[in-house]
Amino acid sequence: YLQWEFRPDQRLRFGQMKTPFGWENRTSSSDLFTVNRTEVGELFGRGLTLRDSGLGWFGRVPLGEGLRIENEVTVTNGAGLSVQADDDHRKNVFGRLGGRWKTKPVTVSLGLSGAMGTMNEPLDPEAPDEPQLSFEFTRFGTDMEFDTRHAFTVLEFAQGDEKANVPDEGGTLSAWYLLVAGKTQWDAGPVARYDVFDSDSQRWTLGGYYGPPGRDFRALVTYEVFKEDEFRH
């Protein structure tokens, strides 16, 4: 993308970029505490893919005493990663407004996110006669982060309504998760996450990490237990 910093801490981008929604979706994979992302990030924090082409406004407003406001909004094609053409001529809008307070050794943040738009699933080559699956969606979410000397905690919730062009698809969906990562003097610690999708699907992620976010070298090991109403594995 091309970026223009039109005033301190405020930037306009044109090109391909992440769509802003929640905490996890905006965090690089190299800075996460788990190997796999949650249902909140995979389903609600993006359109067809995490990155899309369009125009974005990203910034923050310092208020002093370690407090700042964070603002992010994108208007994109909705056609997905590395696709220049707009497949339905309607745009997707994703945005987040948040606040962050940082004072040693504590950081607290709270954010509200929203999104609306459309997405068209790719055609199935094995069923060329079936219609292309298309969705119109509206979503909202909230994220909270609490970082201290001994632990890092994130809680996210998201909900969305989807209207599909075929019966028995779409509807109202929700998901949430709670992640806790312990901190030690050895730059390593345990990680636990409870991930819920639409109340009938739960996943426990347990493991550990070496190296805090921002380090040049990090290692993550996780074990997942996934459970649904009809089966468990």
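What comes next concerns the included structure. Treat the numbers as computed from the prediction; the structure is a model and nothing was measured.

1. Quick word on the packing of aromatic side chains
Enumeration according to the criterion identifies 11 aromatic pairs in this entry. Plain terms: the ring middles of F21 and F94 are 6.5 Å apart, the flat faces sit at 80 degrees to each other, and that makes the pair edge-to-face. Here F21, found in the loop between β2 (10-18) and α1 (39-44), pairs with F94, found in strand β5 (residues 92-103); they are 73 residues apart in sequence, far enough to count as distant. Members of the aromatic cluster, connected to one another through ring pairs, are W23, F33, F152 and Y209. Sitting over the ring of F137, R139 keeps its end group 4.0 Å from the ring centre. One residue, R218, lies across the ring of F33, its end atom 5.5 Å from the ring centre.

2. Observations concerning a nonpolar patch on the surface
There is a patch of nonpolar side chains on the surface, built from V61, L63, L67, I69, L97, W101, V108 and F146 and spanning about 670 Å² of accessible area. Where the nonpolar patch is concerned, the elements lending two or more residues are β3 (51-64), β4 (67-76) and β5. With respect to the helices and strands, the residue I69 is situated in strand β4.

3. Some thoughts on the pairing of strand β1 (residues 2-7)
Where burial is concerned, little of β1 is hidden: zero out of the six residues are buried. Looking at chain direction, β1 and β2 are connected through five bridges and run antiparallel. Each residue of the ladder has a partner; that of L2, found in β2, is F14. The hairpin turn running from β1 into β2, its antiparallel successor, is two residues long, and D9 in that turn takes a positive phi close to 65 degrees.

4. Structural notes on the sheet that holds β4
Reading across from one edge, β1-β2-β3-β4-β5-β6-β7-β8-β9-β10-β11-β12 is the order of the 12 strands in this open sheet, with antiparallel pairing throughout. Two strands close off the open sheet at either side, each with one partner strand: β1 and β12 (219-228). Across the sheet, the mean angle from the axis of one strand to that of its neighbour is 15 degrees, orientation sign disregarded. Note that β5 and strand β6 (residues 106-120) share 11 bridges and pair antiparallel. Residue G98 lies in a different strand from β6, and its bridge partner there is G111.

About the criteria used
Residues numbered from 1 in each chain as written. Predicted model: local features only at pLDDT ≥ 70, side-chain atom pairs only at ≥ 80, totals over all residues. Heavy atoms only, no water. Phe/Tyr/Trp six-rings, centres within 6.5 Å; stacked < 30°, edge-to-face > 60°. Helix = DSSP H or I, 4+ residues; strand = E, 2+ residues; numbered from the N terminus. Lys NZ or Arg CZ within 6 Å of the ring centre and 35° of its normal. Patch = residues over 30% accessible without salt bridge, like charges linked within 9 Å, V, L, I, M, F, W, Y side chains within 5 Å. Areas by Shrake-Rupley, 256 points an atom, 1.4 Å probe, with all protein chains shown as cover. Salt bridge = Lys/Arg side-chain N within 4 Å of Asp/Glu carboxyl O. Buried < 20%, exposed > 50% of the residue type's maximum accessible area, 1.4 Å probe, protein only. Pairing = 2+ DSSP bridges. Axes fitted to C-alpha atoms, helices over the stretch in contact; angles between N-to-C directions.

Structural measurements only, silent on function.
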